[in-house]
Every structure is written in structure tokens, then in C-alpha cells.
Amino acid sequence: MSIQEKVSSLFRDNNRVAVLVFVLVIIAPFGYSVVRPVFTQGSSTDEVFLDIPDEGECVRETAYMRYHHMDLLKEVREDVIRNGIRGEISVNGCRECHTYRGQFCNQCHEAVTLHVDCFGCHYYPESPEDSVRLESGGHDE
Amino acid sequence: MNRRKFFEKSGAALACTSCVFGLPLLSSCSAREEDGSGPLAGRRWGMVIDLNRCADDCTACLDACRQENNVAYHEDERWDIHWIRRVNVSSEEHDDHSEKSVLLLCNHCDNPPCAQVCPVQATYKREDGIVVVDHHRCIGCRYCMIACPYNARYFNYLENPDWPNKDFPRRSHGVAESCTFCAHRLDQGRQPACVEACRATGNGALTHGDLNDSSSEVSRLVAEEPVKTIREDWGTAPKVYYLGL
């Protein structure tokens, strides 16, 4: 009897094993994400939160910006592009306090594995050196 | 109540409630943005290009546009993007086939074919008549490039390697683009970069302004001078007028 036949007979003859295997396969990814923090200590998202600039006040309070900055940016985007209202909030405005995206964007976005594609088009230096490189006419990315 | 009555009455009740909740929804859908009450309403931007005053070897407006809007230039004509470009046109009417150098840019048509064909409404006409692309929404299908009779649209096959104006975004690869009449400058009450550059050279061939404002220089030129638009017979109703074409 070949292995393939053995496996298929196991599943045919013993439905419980089949159901167990099926359920395990389904819940494995969920189980992994639940168990992972126990093994990877010290990487809770609280600690990954970004540096806050020393001075000044943001356009909204920190708690709102932390979780909803993308909604705010989308609202502003709609106003600017569709209605021509250029208010105080803009990506360029963010840059005035949150100077580098390596420190203020990427760190958190990497922790939550979210890819941002704002910076393909909107200028935002990754690090202080990057800014210098671009000023001298270099290529980005 | 018998079964028949019950079905009749419940059907009627269902129809009534769907009307009550459905009609406001319908009206809110159709009344979006087209009511002419937005902050841009009332204006109608247009441009007059005086070809008699435009010097053939001058590139001031072309360079200014590239600098202002981060328009990609790869030194390869397959990928180069031109929001405004110089084209030599020969006349079929005259026998001498004399060539004329003409500046071509997006005509910001009142009936923009590019906006009509855009499947995701990324290209659209603002309330002040400027035809722009929402690059966040553009899927890069290039229908607008096919639809535009003036070949004013270009596609970003490559990302722009240079970034002269950091305050203005460049375009990522895979979206279509064309002249925006420098909408970002107009919103701040400034003139388009090409017009400013042209004025700085002293030629003053480009004039930009509000066609709805009868006191503006543009409306005066359109009203008094023998201006032409390119291929008026297509019915696109362009808002870029030419003198001496």
C-alpha cells in the first residue's frame, strides 16, 4: 500500500482525524498571532509608537492622529484636489515638525506591516542625509 | 384578514417605506458637486497665446513648467513628458507650406473627452473649468490619452529622477498626467508658472485669467482680437485661445 493510499484510507475510515487536521490548518495562523507576543517579548506596539517632536502642537490631538491620521489626510486630499480648498493641513505641513519619515512614519508602519505609498510622489526625506542627497540633485530610492 | 389581503397590505407597506428612505438617498446621489455652489464656482480659467509675440527659440515657459511641476524628462522621447510643448505646424491651406511654431498644452476643454472616458473618474473638470487628474485614483488605463484629440496627455512609464520643486508632488510610475494650469498656484491667487516666466522674458505672449470676469485681460483679448482655438469643429470647446494661428 502506497503512502498516498494509506493517507486517503485514514481519512476515509476515520472522519475525526480529517476534521481535526482541517480545523488545525484553519486556526493555525490565528493561533500563531495570539501566541507570538509571548515568545517575542518587548515588541509590543506601544513601544514602537513614534517619537513626538519636542515643540509645537499637532493639528489634532495625539490619540486621534495616532489612529486616524490617514482619515484626516484623505479628507484633506478630497478638499484640495476636488474642491481646490488648500487649508493649513498638508503633507508638506507634517514635515515641518515630523522632519524625517524614517523616525516618524516608517518605524510604526513597519511594526504594523502597513505599506505607505505617499512618498513615491510627496517629498518626505527618509533621514537627514537623504534630504541633503536630494538637494544636490540625487535620485530618490 | 385572509392571506391575499395580508400580502397586499404588506406589499404596500414595503413600497411606502422604501420610498420614504430611498428618495432622499437618490437625490443626495445626483446632487453631488455639480450644483455650482462649491468654492471654485463662478470662475472659468482660460489662456490666450499670442504666437506673434512668442519667440521661436525661447524655452522660458517650457523650462519653468518643468521646474514648477516636476515634469519628467528622461532625454528619451518614448518616456519624456511635456505639459507644454513646442510643435512645428505646416499649413495645408497655403501652398508654400510655411511652418509655424505653436505652443501646445492641455486645452482644458469645456467638454473634455478625457474626463468622459475615464473609468474611475480620476480625470474630471473642476468647477472653475480646469481639467485635472486625481493621481491617487488613476489606475493608468490610458483611455484619456487615446481620447484626447490634442495629444496633451502623457503617461509615466518611469518615475521622474529629478525633483526640483519639493513642495509639489511628482507622479509615481503608472499614472497619466497633463497640464493643470498650475491649479495649486491659482488656488493661492498666483499665476501659472509658464505665464510668469513668459512675462519675465518681456515677450508677454501668454495671458491667463478668468473668462467669466469681463474686466480681465483674457476676456478682453477673446472678445476683441481674432482668436482661434484648435479644431473648434470637434466640439471640445477648448479654453486655450491662439492669436496669429
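Definitions and cut-offs
- Residues numbered from 1 in each chain as written.
- Chains lettered and ligands numbered in written order.
- Predicted model: local features only at pLDDT ≥ 70, side-chain atom pairs only at ≥ 80, totals over all residues.
- Pairing = 2+ DSSP bridges.
- Helix = DSSP H or I, 4+ residues; strand = E, 2+ residues; numbered from the N terminus.
- Axes fitted to C-alpha atoms, helices over the stretch in contact; angles between N-to-C directions.
- Contact = placed C-beta atoms within 7 Å.
- Nonpolar A, V, L, I, M, F, W, Y, C, P; charged D, E, K, R; others polar.
- Domains from an automatic or database assignment.

Glancing now at the sheet that holds strand 8 (residues 206-210) of chain B. Residues and elements named next belong to chain B. Pairing is mixed across the open sheet formed by 3 strands, whose spatial order is 8-1-9. A strand with exactly one partner marks an edge of an open sheet, and here the two such strands are strand 8 and strand 9 (240-243). Each strand of the sheet is rotated relative to its neighbour by a mean of 20°, with strand direction disregarded. Where strand 1 (residues 45-50) lies against strand 9, 4 bridges are found, and the strand directions are parallel. Looking across to strand 9, one finds that Met47 is bridged to Val240.

We now examine the interface of chain A and chain B. Each side of the interface is counted separately: chain A has 15 residues, and chain B has 19 residues. A per-element tally of the side of chain A that touches chain B places helix 4 (residues 62-83) of chain A first, with 3 residues. Of the residues that constitute the side of chain A that touches chain B, the class distribution is 5 nonpolar, 7 polar and 3 charged.

Here the focus is the domain arrangement of chain B. Per the domain assignment, the segments making up chain B are domain 1 (1-32) and domain 2 (45-243). Here the C-alpha centre of domain 2 of chain B lies 50 Å away from the C-alpha centre of domain 1 of chain B.

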